[in-house]
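# Tertiary structure, described
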Amino acid sequence: CVSWMDHATLGLLWGMMVVVGITTRTGVFEWTGVLACKLSGGDKSKLLFLLCSVTAVVSAFLDNVTTILLIAPMTCKLCKLVGVDPRPYLIS
């Protein structure tokens, strides 16, 4: 057993990746993307603000890495739906 490896953290990350993989198949990320598009009215600045706000709220309750594992796929699907480059949205 490696002493520097935190098995609880690895288990959490692995479990969250499984949850994200299963959730992706259900279409939840597409649904949230459509909802975000409706709420932002198609305005890219409002969309960025909405994504930052959702990330802040989720991050208040979950670990930062877990938040990224949940928010990043939704952001990528949303940007694909709107037709914009997801990199600025993922960085911000």
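Our subject is the structure listed above.
Remember, it's a predicted structure, so these values are computed and weren't measured experimentally. (Residues numbered from 1 in each chain as written. Predicted model: local features only at pLDDT ≥ 70, side-chain atom pairs only at ≥ 80, totals over all residues. Heavy atoms only, no water.)

## What about the overall build of the chain?
Selection rule: By the criteria applied, helices consist of DSSP H or I runs no shorter than four residues and strands consist of E runs no shorter than two, each listed in order from the N terminus. Burial status follows relative accessibility: with a 1.4 Å probe on protein chains alone, a residue under 20% of its type maximum counts as buried, one over 50% as exposed, and anything between as partly exposed. In this description, contact between two residues means that some pair of their heavy atoms is separated by no more than 4.5 Å. All tallies of charge rest on Lys and Arg as positive and Asp and Glu as negative; His and the ends of each chain are not included. One atom stands in for each charge, and that atom is NZ of Lys, CZ of Arg, CG of Asp or CD of Glu.
Helix and strand counts for the chain come out as five helices and zero strands. Going from the N terminus to the C terminus, the chain shows its helices and strands as α-α-α-α-α. In terms of overall dimensions, the chain has a C-alpha envelope of 50 × 25 × 25 Å along the principal axes. In the chain, which comprises 92 residues, the share counted as buried stands at 21%. Of the contacts formed within the chain by residues at least 6 apart in sequence, a portion of 57% connects residues at least 24 apart. Treating the 7 positive side-chain charges of the chain as one cloud and the 5 negative ones as another, the clouds have centres 12 Å apart.

## Details of the environment of histidine 7
Assignment of secondary structure puts histidine 7 in helix H1 (residues 7-26). Histidine 7 gets classed as partly exposed once you look at its relative accessible area, which sits at 47%. Histidine 7 sits 16 residues away from threonine 23 along the chain, and the two C-alpha atoms are 24 Å apart.

## Comments concerning H1
Given 3.6 residues to a turn, an α-helix orients residues that are three or four positions apart in the same direction. Stated formally: Multiplying 1.5 Å by the helix residue count minus one yields the expected span of that helix.
For H1, spanning 20 residues, the distance from its first C-alpha to its last is 29 Å, which sits close to the expected 28 Å at 1.5 Å a residue. Two residues or fewer past H1, glycine 27 is found with a positive phi of approximately 90°.

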